[in-house]
Amino acid sequence: AQSVSQHNHHVILSEAASLELGCNYSYGGTVNLFWYVQYPGQHLQLLLKYFSGDPLVKGIKGFEAEFIKSKFSFNLRKPSVQWSDTAEYFCAVNAYSSASKIIFGSGTRLSIRP
Amino acid sequence: EAQVTQNPRYLITVTGKKLTVTCSQNMNHEYMSWYRQDPGLGLRQIYYSMNVEVTDKGDVPEGYKVSRKEKRNFPLILESPSPNQTSLYFCASRTGANGYTFGSGTRLTVV
């Protein structure tokens, strides 16, 4: 069965610090990968997605993620965070063979100190 | 505007009183899904639908029902709600090579 692990439950950074949030998944076949962001009191919004091609994916708001197939990882990065990046971040995986079944990780809460 | 619309946004009900949360999308998406979000557990899939009249259980289907009679609508039905179904619910839809687009959520409290 598919599963997604986000090892950092809560990350606290100062503004301008660099960010890396870990995401590992377990599934042996072809996958589609996503990062979503949920600002306080809001619904989930898609940050970026990986389907195929270049394993380094660029998303909105200066975020990027790198798919490393050998490590089953899809870590999210941002070189310099802002206070407005305070939110919860979810990694998600979709087995290529099951388009409607997307599994989410438990989320990482990011707090940015101004 | 392309969107997924859920109603109501907030709902307080009593144990055992049947309720329906509606979900509608205007993007002609084939796939629709319901998730519940609980602290520390992330989002867990309740049910999903691959098209009209095609639905299947997700990871936590117990106590829920769905129907997909029209492509745009995917209501979530709780026949006899219990306090452990108190949660934040999200409906979502997608098509092809895209991630899910989520609705604004329904915060349900069962007392």
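All of these numbers come straight from a predicted model, not from anything done at the bench.

Thresholds applied
Residues numbered from 1 in each chain as written. Chains lettered and ligands numbered in written order. Predicted model: local features only at pLDDT ≥ 70, side-chain atom pairs only at ≥ 80, totals over all residues. Heavy atoms only, no water. Disulfide = S-S within 2.5 Å. Helix = DSSP H or I, 4+ residues; strand = E, 2+ residues; numbered from the N terminus. Buried < 20%, exposed > 50% of the residue type's maximum accessible area, 1.4 Å probe, protein only. Contact = heavy atoms within 4.5 Å. Buried area = accessible area lost by both parts, 1.4 Å probe. Salt bridge = Lys/Arg side-chain N within 4 Å of Asp/Glu carboxyl O. Polar contact = N/O pair within 3.5 Å; in protein donor to acceptor, adjacent residues only side chain to side chain.

**Student:** I'm lost on the state of the cysteines in this one. Help?
**Tutor:** What makes a disulfide is a covalent bond joining the sulfur atoms belonging to two cysteines. All names here are of chain A. Under the counting rule described, the total for this entry stands at 2 disulfides over all chains. A sulfur-sulfur separation of 1.9 Å characterises the disulfide bridge that pairs Cys23 with Cys91. Because the torsion about its S-S bond is -65°, the bridge between Cys23 and Cys91 counts as left-handed. In this pair, Cys23 is assigned in the loop between strand S3 (19-21) and strand S4 (24-26) and Cys91 in strand S10 (residues 87-95), connecting sequence segments 68 residues apart. Judged by relative accessible area, which is 0%, Cys91 ranks as buried.

**Student:** Before we go on, may I ask you to explain the environment of B:Ser104 in this structure?
**Tutor:** Within the fold, B:Ser104 resides in the loop between strand S10 (101-102) and strand S11 (106-110). Residue B:Ser104 is classed as partly exposed on the basis of its relative accessible area of 33%. Separated by 15 residues in the primary sequence, B:Ser104 and B:Tyr89 have C-alpha atoms spaced 9.0 Å apart. Leaving out residues up to four positions away in the same chain, B:Ser104 has contacts with A:His43, B:Val4, B:Gln6, B:Arg9 and B:Phe90.

**Student:** Just to check I follow, could you spell out the interface of chain B and chain A for this structure?
**Tutor:** The partner chain A presents 19 residues to the 23 residues of chain B that form the contact. For the pair chain B and chain A, the summed buried surface comes to about 1600 Å²; carbon and sulfur atoms form 53% of the total. Three residues, B:Leu43, B:Arg94 and B:Phe102, lead the burial of chain B against chain A; their summed loss comes to 29% of the area buried on that side. Taken together, the links from chain B to chain A amount to 0 salt bridges. On inspection of chain B and its partner chain A, the count reaches 4 residue pairs in polar contact (both at pLDDT 80 or more).

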